[in-house]
Amino acid sequence: MGETDPNGPGTDWRANLDRLGLTVPAVVAPVAAYVPAVRSGSLVYTSGQLPFVAGELTAVGKVGAEVSLEAAAAAARWCALNALAAVHDLVGLDAVVRIVKVVGFVASAPGFTDQPLVINGASELLGEVFGAAGAHARSAVGVFELPRNTPVEVELIAEVR
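Note that the structure is predicted; figures quoted are calculated from it, not measured.

### Describing the confidence of the model for the protein
Turning to step 1, where the next piece is worked out: Put simply, the protein has an average pLDDT of 93, and 94% of its residues get 70 or more.
Turning to step 2, where the next piece is worked out: Segment residues 1–9: pLDDT under 50, and 17 contacts once partners within four positions in sequence are set aside and those in other chains are kept.

Pasting the structure below:
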């Protein structure tokens, strides 16, 4: 794994995605009036990303009711990959120094309190892709509803060169 120093070689995110059997997907088209990512100085902020794969949501419903914890964590993984696609489209993943922050929202059935375990799907993917540079601060928030009845939404902040 490469260094995370801004002047160093960075992580080999391509090889890590290959090892995982993944590629950076096309950026998901916004579903309302916003852009997928914005750069401000050395930070890139992504909009909340849903678990779209080839234009379809990977799951719908509330976690703890229609959606299992495992399916929701897998959906969070797709959200993170879609967030990386937004970063890649804006500045290229080679520019990523580190992932700074992840915010995950989990559409939760009454009594469901394992939101952090759901968002681990996103956090673990970022660690697998960027190594130490993927370690980040995080919030995992339970909510009543999310757009399009998706069980999870993830946004991130990346430091870039």
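### Regarding the sheet that holds strand 2 (residues 43–46)
Backbone-to-backbone hydrogen bonds pair the strands of a sheet. The strands run either parallel or antiparallel.
Turning to step 1, where the next piece is worked out: The five strands are arranged 1-2-7-5-6 in an open sheet whose pairing can be described as mixed. The open sheet terminates on both sides in strands that have one partner only, identified here as strand 1 (37–40) and strand 6 (137–143). Averaged over all adjacent pairs, the angle separating strand axes in this sheet is 15°, with direction ignored.
Turning to step 2, where the next piece is worked out: In terms of strand pairing, strand 5 (residues 96–107) meets strand 6 through seven bridges, oriented parallel. Within the sheet, the bridge partner assigned to Val-103 lies in strand 6 and is Ser-139.
Turning to step 3, where the next piece is worked out: Sheet contacts for helix 2 (residues 69–91): strand 1, strand 2, strand 5 and strand 7 (152–160); angle to strand 7, the most-contacted strand, approximately 40°.
Turning to step 4, where the next piece is worked out: Against the sheet, helix 3 (residues 115–130) makes contact with strand 5, strand 6 and strand 7, and its axis sits at roughly 160° relative to strand 5, the strand it touches most.

### Section: helix 3
Residue pairs three or four apart in sequence face the same way in an α-helix, which turns once every 3.6 residues.
Turning to step 1, where the next piece is worked out: Along its 16 residues, helix 3 runs 23 Å from first to last C-alpha, staying within 8% of the 22 Å computed at 1.5 Å per residue.
Turning to step 2, where the next piece is worked out: In the structure, helix 3 departs most strongly from a straight axis at Gly-121, where the bend amounts to approximately 35°.
Turning to step 3, where the next piece is worked out: Considered for burial, the residues of helix 3 that qualify are Gln-115, Val-118, Ile-119, Gly-121, Ala-122, Ser-123, Leu-125, Leu-126, Val-129 and Phe-130.
Turning to step 4, where the next piece is worked out: In this structure, the buried residues of helix 3 make contact with helix 1 (13–20), helix 2, strand 5, strand 6 and strand 7.
Turning to step 5, where the next piece is worked out: Following helix 3 by one or two positions, Gly-131 adopts a phi angle in the positive range, close to 60°.

Procedures and definitions
Residues numbered from 1 in each chain as written. Predicted model: local features only at pLDDT ≥ 70, side-chain atom pairs only at ≥ 80, totals over all residues. Heavy atoms only, no water. pLDDT = per-residue confidence, 0-100. Contact = heavy atoms within 4.5 Å. Pairing = 2+ DSSP bridges. Helix = DSSP H or I, 4+ residues; strand = E, 2+ residues; numbered from the N terminus. Axes fitted to C-alpha atoms, helices over the stretch in contact; angles between N-to-C directions. Expected span 1.5 Å × (residues − 1). Bend = angle between axes of the 7 residues up to and from the residue. Buried < 20%, exposed > 50% of the residue type's maximum accessible area, 1.4 Å probe, protein only.

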